[in-house]
Amino acid sequence: SGNIGEFGVDFVDAVSERGEILDNINLGQTKYSDTYGSTVDIADIEKLENSLKYLREDFDSIKELVSPEFKMAHDIIESNPDAKLIVNFVTVGKIGNTQAKAKWDQLIEKYKDDPNVDFELYDLDRILIAVGIPITPDISIKLNRHVLINEPSIFGFMSAEDLKKITKEHKDTIFSRNPR
């Protein structure tokens with residue numbers, strides 16, 4: 001983990017508190033602005049795209065220029081080819097219908113067939129929605145079959161129709177961390 005702030009990557013989260021490599025490696029860029037809700041520049045998305053390329057395919061072309069943290073991120077990704085990379089872009093700005101949004105969509109399209117790369121965009125609109133989502137209330141879920149109780153967790157199956165009803169009533173709260 002580190003705040004590496006170069007080549008379009010501001011953070012990498014790849015190592016657990018116990019020092020183990022995570023199955024999902026999060027990396028990304030944060031973009032802040034002095035102007036509340038300003039739009040994101042296409043160059044920021046392009047930097048993130050280039051970072052992904054450097055970390056996965058073309059590290060030798062920049063290896064003399066990088067910080068120890070960026071090298072560590074590359075080494076972890078290279079030595080764990082089955083780990084899933086979750087590429088994050090976090091901004092208090094808006095991405096809207098801009099050139100940056102078109103570039104973001106192209107980036108997703110480029111990697112759509114790669115099961116080891118996923119993308120998450122957190123712009124002002126998504127952040128404000130998430131802030132407004134209440135904590136998951138107590139809900140009852142009927143599990144249909146194959147129930148496995150492994151304290152403190154319970155695993156099982158439920159019908160899509162039941163899940164749809166709960167989601168309609170409680171929105172995204174049922175997908176929040178630590179639902180009750």
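See the structure printed just above.
Keep in mind it's a predicted model, so treat the numbers as computed, not measured. For every chain, the first residue of the written sequence is number 1, and numbering continues from 1 onward in sequence order. Owing to the predicted nature of the model, reporting of local features is limited to residues with pLDDT of at least 70; listing and counting of side-chain atom pairs is limited to 80 or more, with chain, interface and lining totals taken over all residues. Each side-chain value is worked out from all heavy atoms of the structure, with water and hydrogens disregarded.

Asks: So, the nonpolar core: which residues are in play, and what are the values?
Replies: Across soluble globular proteins, you tend to see nonpolar side chains buried next to one another. Ile25, Leu27, Phe70, Trp104 and Phe119 are the most contacted members of the largest nonpolar core, which has 30 residues in total. Only runs of H or I of at least four residues qualify as helices and only runs of E of at least two qualify as strands under DSSP, and these elements are numbered from the N terminus. Within the residue set of this core, elements represented by two or more residues are strand E1 (11–15), strand E2 (21–31), helix H1 (42–56), helix H2 (68–79), strand E3 (84–91), helix H3 (99–110) and strand E4 (117–122). In terms of residue count, H1 provides more of this core than any other element does, five residues in total. Excluding its chain neighbours within four sequence positions, the residues that come into contact with Leu27 are Val9, Phe11, Val12, Leu55, Ile77, Leu85, Ile86, Val87 and Asn88. Throughout this description, the term nonpolar core refers to a set of buried Ala, Val, Leu, Ile, Met, Phe, Trp, Tyr and Cys residues connected via side-chain atoms within 4.5 Å. To sort residues, take the accessible area from a 1.4 Å probe on protein chains only and compare it with the maximum for the residue type: under 20% means buried, over 50% means exposed, and anything in between is partly exposed. We call two residues in contact when some of their heavy atoms are within 4.5 Å.

Asks: Report on the pairing of E2, specifying residues and quantitative values.
Replies: Strand pairing follows a simple DSSP-based rule, namely that at least 2 bridges must link the two strands. Relative to E2, E1 runs antiparallel, the two sharing four bridges. For Phe11, the partnering residue across the bridge sits in E2 and is Gly28. In textbook terms, the turn of a hairpin is the stretch between consecutive antiparallel strands, and for E1 and E2 this stretch comprises five residues, one of which, Gly19, has a positive phi near 85 degrees. Judged from the eight bridges that link them, E2 and E3 form a sheet pairing that is parallel.

Asks: Talk me through the pattern of salt bridges; I want residue IDs and the actual numbers.
Replies: One speaks of a salt bridge when a side-chain nitrogen belonging to Lys or Arg is within 4 Å of a carboxyl oxygen belonging to Asp or Glu. All chains considered together, the criterion is met by eleven salt bridges. The residue Arg56 makes a salt bridge to Asp114 at a minimum N-O spacing of 3.0 Å. In this pair, Arg56 is assigned in helix H1 and Asp114 in the loop between H3 and E4, connecting sequence segments 58 residues apart. Judged by its relative accessible area of 32%, Arg56 is partly exposed. The salt bridge involving Asp118 is made with Lys84; its shortest N-O contact spans 4.0 Å. Of this pair, Asp118 sits in strand E4 while Lys84 sits in strand E3, and the two are 34 residues apart along the sequence. For Asp118, a relative accessible area of 35% gives the class partly exposed. Here the salt bridges share partners, and the residues they tie into one network are Glu49, Lys103 and Lys110.

Asks: Now, about the packing of H1 against H3: what can you tell me, with residues and values included?
Replies: Running from N to C, H1 and H3 cross one another at 20 degrees; their axes reach a closest spacing of 8 Å. Regarding the angle of H1 to H3, the classification is roughly parallel. On the side of H1, the interface is formed by Ile42, Ile45, Glu46, Leu48 and Glu49, while H3 contributes Gln99, Ala100, Lys103, Trp104, Leu107 and Lys110. Residue polarity follows a fixed list, in which Ala, Val, Leu, Ile, Met, Phe, Trp, Tyr, Cys and Pro are nonpolar, Asp, Glu, Lys and Arg are charged, and the others, Gly among them, are polar. Considering only residue class, the contact of H1 with H3 consists of six nonpolar, one polar and four charged. Every angle, taken between N-to-C directions, lies between 0 and 180 degrees, and every axis is a line fitted to C-alpha atoms, over only the stretch in contact when it is a helix. Roughly parallel here means an angle under 35 degrees, roughly antiparallel means over 145, roughly perpendicular means 65 to 115, and every remaining angle is called oblique.

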